[in-house]
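# An overview of the molecular structure
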Amino acid sequence: MRLSYPTNVKVVKVPCTGRVDVLMVLKALESGVDGVYLAGCEIGDCHFLKGNLRAVKRIAYAKELLKEVGIEPERVEMYHIATSDGPRFAQVAKEMTEKIRALGPNPVKDKNKAFKA
Amino acid sequence: MIVGNRKPLEEILEMVKPYKKILLLGCNECITVCAAGGEREVGVLASELKLSRAKNGGEIEIKEHTLERQCDFEYIDQIKPFVDDYEAIVSMACGAGIQYTAERFPGKVVLPAINTTFLGVTLEQGVWSERCQGCGECILHLTGGICPVARCAKSLFNGPCGGSSNGKCEVNPDTPCAWQLIVDRLKELGQLENYEKIIEVKNWSTSRDGGPRTRVREDLRIPKDS
C-alpha cells in the first residue's frame, strides 16, 4: 500500500493493548512525549478476549489522572484499528498528530530536568 | 481487610508544597489488595506529583518505596538507612500504618495520602464493601452471619426499623437493609427463633466508646531484659 504516516509517531509494540498499564502512559508523558494513543483491535476482536476492553477503561482512568494533574486529557486516546486496516492506522496517526499539535507541546517538556529516578 | 481511598491529588499537592525531597511509602498489605496504596499506586502518585511539579516549573525528588507492612516496626525500620535523605514521608498505608511510621520517626514529617474507610471484603475486582466495625463483641452467631453493627445504618440490634423498604435501606436505595438480610438468612438456616430473641443493650465499652484499645498476650511477650 505504501502508506505514509507522520514521522513523529513512535510505535511501541505490546503483545496486546491489555498489556498497557496506566503507569506506562504517565511515564511516557513524564519523559516528555506530547501524547499517547493506543491502537487496539476492534471491539469484539481481541485475541485475548478482553484486552482491548481493559485498555479502554485504563485510558479513561489515565484521562482522569491527567485532569487531576492539570494536563489536557486529550493527550491520551484509545483507538480501535483492525490488524489489516493499514489506511485507518495511517489516518489515525495523522488525526492524533494534528490534535496534539493543536494542543501544543507537553507542558512538562523541558521542565522535567528536575526529574530524578 | 482494611480498605482505603487515595486522597485527591489536590489535597496531597497542598501537603507536599513545602518539600522538594519526599519518600513515598506504600504498604504491601490490605491497602495493596484494595488498590489504594500498594507499589502500583505509589508509582502512579509519584508520576502525578512529578508531572504536576514539572508543569508548574517546580522541582521534586521522589523515592518510591513499598514496605511489606507499615503496622509492624520491623518493617518500618527498614527505611532507617535512607529516611534522613528526605524532608518528608508521604505514607500510602492505612491510618494505622501512617501513624506507626510517624511514631517510629518522631523527627520526621509524615503525611497521609490515604483516607482509611472501613474493614471490608472484595465483592468483585474493583469493588469493596464494609463488613465489620471492630466493636469488640461479636454477635454474628445470633444474626445469621450478617452484622447489624456494620451493615445497618443505625446499628440496630433488634431491627428492622421503619426505614426498611423492599429490602433496601432508607439511607441509600442501593444499600440492602441489614435486618432484611438477617431475617432472610435466618429463615434459610431454619434459625428464625434467633430473630425472636431480644438482643440486650450492647456494652459499647468494648468498642471505640471505651477509648483506644490494646490487646496483650502475655505468653508471646519477650521480656525486656532477655
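Residues numbered from 1 in each chain as written. Chains lettered and ligands numbered in written order. Predicted model: local features only at pLDDT ≥ 70, side-chain atom pairs only at ≥ 80, totals over all residues. Heavy atoms only, no water.

### Things to note about the interface of chain B and chain A
The condition is simple: Note on contacts: a residue pair is in contact if any heavy atoms of the two residues lie within 4.5 Å. Joining two parts hides part of their accessible area as seen by a 1.4 Å probe, and the buried area is that hidden amount summed over both. Salt bridge, as used here: a side-chain nitrogen of Lys or Arg that lies within 4 Å of a carboxyl oxygen of Asp or Glu. Here a polar contact is recorded for every N or O atom pair within 3.5 Å, except that within protein the pair must consist of a potential hydrogen donor and a potential acceptor, and residues adjacent in sequence are included only if both atoms are side-chain atoms. Strands here mean DSSP runs of E at least two residues long; helices mean DSSP runs of H or I at least four residues long; both are numbered from the N terminus. Residue classes follow a fixed rule: Ala, Val, Leu, Ile, Met, Phe, Trp, Tyr, Cys and Pro count as nonpolar, while Asp, Glu, Lys and Arg count as charged, and any other residue, Gly among them, counts as polar.
The partner chain A presents 19 residues to the 20 residues of chain B that form the contact. Buried area between chain B and chain A, both sides added, is near 1,700 Å², and the carbon and sulfur share of it is 61%. Broken down residue by residue, the surface that chain B buries against chain A is led by Lys50(B), Leu51(B) and Lys55(B), which jointly contribute 36%. On inspection of chain B and its partner chain A, the count reaches three salt bridges. Between Glu30(A) and Lys50(B) there is a salt bridge, with its nearest N and O atoms 4.0 Å apart. For the interface between chain B and chain A, the tally reads five residue pairs in polar contact (both at pLDDT 80 or more). Those elements that place two or more of their residues in the side of chain B that touches chain A are helix H3 (39–55) and strand S3 (61–67) of chain B. Among the elements that make up the side of chain B that touches chain A, the one with the highest residue count is H3(B) (10 residues). When grouped by side-chain class, the residues that make up the side of chain B that touches chain A number seven nonpolar, five polar and eight charged.

### Observations regarding the side chain of Ser52(B)
We apply this condition: For every residue, the accessible area obtained with a 1.4 Å probe (protein chains only) is divided by the maximum for its type, and the residue is called buried under 20%, exposed over 50%, and partly exposed between those limits.
Topologically, Ser52(B) is positioned in helix H3. A relative accessible area of 4% means that Ser52(B) is categorised as buried. The contact partners of Ser52(B), leaving out residues within four places of it in the chain, are Val69(A) and Leu13(B).

### Some remarks on the domain arrangement of chain B
Under the convention used in this document: For each domain, the first and last residues come from an automatic or database assignment.
When its domains are assigned, chain B resolves into domain 1 (2–118) and domain 2 (136–210). Placing a centre on the C-alpha atoms of domain 1 of chain B and another on those of domain 2 of chain B gives a separation of 37 Å.

### Observations concerning the sheet that holds strand S2 (residues 21–27) of chain B
Residues and elements named next belong to chain B. Counted only if it meets this: At least two DSSP bridges between two strands are needed for those strands to be called paired. For helices, the axis comes from a line fit to the C-alpha atoms of the stretch in contact; other axes are also lines fit to C-alpha atoms, and the angle between any two N-to-C directions lies between 0 and 180 degrees.
Judged by pairing direction, the sheet is parallel, and its four strands sit side by side in the order S3-S2-S4-S5 without closing on themselves. Edge positions in the sheet fall to S3 and strand S5 (109–112), since each of these pairs with one other strand and no more. With strand direction ignored, the average angle separating the axes of adjacent strands in the sheet is 25°. As paired elements, S2 and S3 share seven bridges and run parallel to each other. Paired with Leu-25 across the two strands is His-65, which belongs to S3. Each of S2, strand S4 (88–91) and S5 is contacted by helix H6 (residues 95–104), which is oriented at about 175° to S5, the strand it contacts most.

### Describing the packing of helix H1 (residues 22–30) of chain A against helix H2 (residues 51–69) of chain A
Residue and element names in this part refer to chain A. Stated formally: Under this scheme an angle from 65 to 115 degrees is roughly perpendicular, one under 35 degrees roughly parallel, and one over 145 degrees roughly antiparallel; angles in between are oblique. Handedness of a helix crossing follows the sense of rotation of the near helix relative to the far helix, less than a right angle counterclockwise being left-handed and clockwise being right-handed.
Viewed as axis vectors pointing N to C, H1 and H2 meet at an angle of 45°, and their least axial separation amounts to 9 Å. Considering the angle they form, H1 stands oblique to H2. In the packing of H1 onto H2, the handedness of the crossing is right-handed. Counted together, Val-22, Val-25, Leu-26 and Leu-29 of H1 and Arg-58, Ile-59, Tyr-61, Ala-62, Leu-65 and Leu-66 of H2 form the full contact between these two elements. Per-class residue counts for the contact of H1 with H2 are nine nonpolar, no polar and one charged.

### Structural notes on the packing of H2(A) against H3(B)
In a pair of packed helices, the angle between the axes and the distance between the axes together describe the arrangement. Running from N to C, H2(A) and H3(B) point in directions that differ by 40°, and their axes come no closer than 9 Å. Between H2(A) and H3(B), the crossing angle belongs to the class labelled oblique. Judged by the twist between their axes, the crossing of H2(A) over H3(B) is right-handed. Taking contact as the criterion, the partners of Leu65(A), Leu66(A), Glu68(A) and Val69(A) in H2(A) are, on H3(B), Val44(B), Glu48(B), Leu51(B), Ser52(B) and Lys55(B). Each residue belonging to the contact of H2(A) with H3(B) can be placed in one class, and the counts come to five nonpolar, one polar and three charged.

### Thoughts on the sheet that holds strand S6 (residues 114–124) of chain B
Residue and element names in this part refer to chain B. Spatially, the three strands line up as an open sheet ordered S1-S6-S7, and their pairing is antiparallel. The sheet terminates laterally at strand S1 (2–6) and strand S7 (127–132), the two strands that pair on one side only. Strand-to-strand twist of the sheet, defined as the mean angle between neighbouring strand axes without regard to direction, takes the value 70°. Here S1 runs beside S6; their pairing, made up of five bridges, is antiparallel. Note on S6: the bridge partner recorded for Val-3 is Phe-118.

### Describing unusual backbone geometry
Residues and elements named next belong to chain B. The linkage connecting Gly-159 with the following residue, Pro-160, adopts the cis geometry, with an omega of 0°. On the secondary structure map, Pro-160 appears in the loop between helix H7 (148–151) and strand S8 (168–169). Phi at Ser-155 takes a positive value of approximately 50°, unusual for a residue other than glycine. Locating Ser-155 in the fold gives a position in the loop between H7 and S8. Look at Ser-155 and you get buried, because its relative accessible area is 19%. Unusually for a residue other than glycine, Asn-166 sits at a positive phi of about 50°.

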